[in-house]
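Each chain, letter by letter, is given below.
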Amino acid sequence: MIASRRALLASLLGALALLGCDDGAPPSSTTRSEPWTADPAVLRIAGTGTGIPLVARLADAWNARSVGLPVVVEPSVGSTGGIRAARDGAVDLGLSARPLSPSEQGEGLRALPLARDAVVVAVHPATRVRDISSAALVELLAGRSSRFADGTPATVLLRDRDDTAHSALERMIPALHPAREQAYAHKRFRVLLHDDAMGEAISSTPGALGPFSLGAIVASRLPLEVLAIDGVRPTLAALEEGRWPAARDLSFVVRTDREARVAPFLSFVAGADGQRMIREAGYLPVPP
Amino acid sequence: MTPLRLTTWFRKRMLIVVVLAMGTAWVTLTAGSYAQAHRESVLLCRGEAAHIGGMVAEAIRQRPLLWRYDSAKLADRILELSAAERSSIVVRDSLHAPVVTVGPPLTPTRAIWGRSDVLVGGEVKARVWVGQDAAPLRWRSLAVASISALVAFLLGALLFFLPVRTIRIGERRIASLLSQLAVSWREEERLRIANELHDGAGQALTAARLHLSALKRHATPEVAERLLPITTHIDEAIEEVRRSTCALVPPALADLGLRGAIERHCEAFAGASGLAISCDIDPSIPSAGSHVETACYRIVQEALTNVARHAQADRVSVRLELSEDALHLCVEDDGTGMATREASTEGVGLASIRARAESLGGELSIHSSSAGTRLDVVLPLPPAAD
């Protein structure tokens, strides 16, 4: 009798425990996912989407020459992703739109300047407006206005909070920063996480405007228009002359032990053909 | 009579059953509620993990080699599309290297976790955990436990007091029935003894007295004189038997019925005591059973004797009425009331009246003042046989 009662109690508790158990907390993590070794057959490049169209052009030209290891350009993983991939050896060259932090510099990484990219306000190609004042831009971002000067509706699109395009534009128009923070806080506008997603969103949304790379528009021949701000049109000349201060510097990031592997490709980029191709792609070459 | 004590017996056993039932109900409600809420949370976390797993799988398909390096964007996307402000979300690659960790930090043992494996090309490429703080669940369970305890207590009280009350009522009815049976048996026994005395000893003494009378007529004066004390003794014995028979069973009841017996007694008592007695008896009173009628008659006798002895009254009224299921007897005098006598204690007469009434399940109430005393006696009628 007692034994059967105990068995019943045990069954009841067991059933309750089974009913209530969860999947368990994540186990303690490992520090690295897997050891990366250099692919003997190719050079891999990954990083910010801003520079991908340019690097893809350079890689195509390099591969066409068939003089060294072929270059493979991976889809955008962002500047930080590119730097980390280079640090781990997952790629041979990272592509960054921001300078290396002191801690990253301490991890045996070196930044090699590639080009300067103008950050512009891109609009849907059907938009008739081609010029906007910085004040009107702030009003749009702050949500106090939702129309362009000609009265047509405007749809603001944002990049993620840490994207370098915003900080570049805010160097030009500081009042954009608080308006943007407010927009994030109120989830006022759609946020795109990659350059290609932003390009597609602007080109497919009538009245859309958002921060974008001039070089990416030119290099990828995207069907987008760019707005002049306060009468200054974003061109390579304006960038070169300093009349368009919204810019960011693209650079390769390489681990010192991989420098020898990438040296032929970097020489090509630094060469006359490479520099010409950078300018043709809508970027301003930066001397190495 | 020894009390039945059914209620006490039942209460002791019922208390154990009720406490066990209350405990079982409380444990079941509390544990069941906690397990159910826990299960729902786990399923919610699993669903959230599967949803995020879909995003991770898409990221892996887009960047098969370098997806984990896009973790910042992946984290942004997870934060945008999930309830990460409430949940802790952990994404690890197949070798448990951290890829994304967002949301509030949780103590592993104080959280509820749901997991989803991210399968791409039939291979587990990543795992997603979604955790929720278990504290709100515990607070909710505490609230449920409190409410369950209250509900269990109320149910237990109901489970305990309802049957106990029913048993108590039943016990009273059983005691009343047993008491009526005892009275009935006692009256039947008294009737049997009275009959035995009347038909046995009484008849024999009467026969002896007749024989002595016949003998006396033919006896010499000397013998007749000696027979005289024998005749006297036999007459005394016959009188003793008659008194005993009357004491056991009032003969008037058998001869005249309850109404006639009371009326005759009142008339005789009035003549003997000098009291003015009015007697008002409902003529529709049916035969109420020998023990009820005997008790009623005896109570009238005792009440009138009490009035004559103590009340210093001039007038007495005796009323007997019938209600649906009882006889109502009222004896009222215009005497000095019980306040002038020993009010704090009942005399033997009143105690006898009360005992007779209560032995039949009835009751006595006394209303006394300086203007007189009224006794109200209720005698339940035995249930009619089906």
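Treat the numbers as computed from the prediction; the structure is a model and nothing was measured.

Cut-offs and rules
- Residues numbered from 1 in each chain as written.
- Chains lettered and ligands numbered in written order.
- Predicted model: local features only at pLDDT ≥ 70, side-chain atom pairs only at ≥ 80, totals over all residues.
- Heavy atoms only, no water.
- Helix = DSSP H or I, 4+ residues; strand = E, 2+ residues; numbered from the N terminus.
- Buried < 20%, exposed > 50% of the residue type's maximum accessible area, 1.4 Å probe, protein only.
- Contact = heavy atoms within 4.5 Å.
- Areas by Shrake-Rupley, 256 points an atom, 1.4 Å probe, with all protein chains shown as cover.
- Salt bridge = Lys/Arg side-chain N within 4 Å of Asp/Glu carboxyl O.
- Pairing = 2+ DSSP bridges.

Engineer: I'd like a description of the overall build of chain A, backed by residues and values.
Structural biologist: A tally of helices and strands in chain A yields twelve helices and twelve strands. Across the 288 residues of chain A, 50% fall into the buried class. By sequence separation, contacts in chain A at least 24 residues apart represent 75% of the contacts at least 6 residues apart. Accessible area for chain A stands at about 13,000 Å²; split by element, carbon and sulfur atoms hold 57% of it.

Engineer: Help me get a handle on the pattern of salt bridges, residues and values and all.
Structural biologist: Should their charged atoms come close, side chains of opposite charge can pair. Tallying each qualifying case throughout the model produces 38 salt bridges over all chains. Across the pair Asp-70 of chain B and Arg-63 of chain B runs a salt bridge whose closest N-O atoms are separated by 3.7 Å. On the basis of relative accessibility, which here comes to 4%, the residue Asp-70 of chain B falls in the buried class. By relative accessible area, which is 5% here, Arg-63 of chain B ends up buried. For the salt bridge of Asp-117 of chain B with Arg-127 of chain B, the shortest nitrogen-to-oxygen distance reads 3.1 Å. Note that Asp-117 of chain B is positioned in strand 3 (residues 111-120) and Arg-127 of chain B in strand 4 (residues 123-133), a separation of ten residues in sequence. Note on Arg-127 of chain B: relative accessible area 19%, which makes it buried. Here the salt bridges do not stand alone but share partners, grouping Asp-117, Arg-159, Asp-160, Asp-163, Asp-195 and Arg-248 of chain A into one network.

Engineer: Give me unusual backbone geometry: which residues, what numbers.
Structural biologist: You will see that Arg-221 of chain A, though not glycine, has its phi angle at about 50°, which is positive. Residue position: Arg-221 of chain A is located in the loop between helix 9 (214-220) and strand 9 (225-226). Even without being glycine, Gln-312 of chain B reaches a positive phi, approximately 50°. Position of Gln-312 of chain B among the secondary structure elements: in the loop between helix 6 (290-311) and strand 6 (315-322).

Engineer: Can you tell me about the pairing of strand 4 (residues 109-123) of chain A, naming the residues and giving the values?
Structural biologist: All names here are of chain A. By the criterion of burial, strand 4 is predominantly enclosed, with eleven of the 15 residues buried. Pairing geometry for strand 4 and strand 11 (residues 247-255), over nine bridges, is antiparallel. Counterpart to Asp-117 in the pairing with strand 11 is Arg-248. The pairing of strand 4 with strand 12 (residues 284-285) spans two bridges and is antiparallel. Bridge assignment links Arg-116 to a residue of strand 12, and that residue is Leu-284. Alignment of strand 4 against strand 8 (residues 208-213), held across five bridges, turns out to be antiparallel. In the strand pairing of strand 8, Ala-122 is matched with Gly-210. Relative to strand 9, strand 4 runs antiparallel, the two being bridged by two bridges. Each bridged residue has a counterpart across the sheet, and for Ala-122 the counterpart in strand 9 is Val-226.

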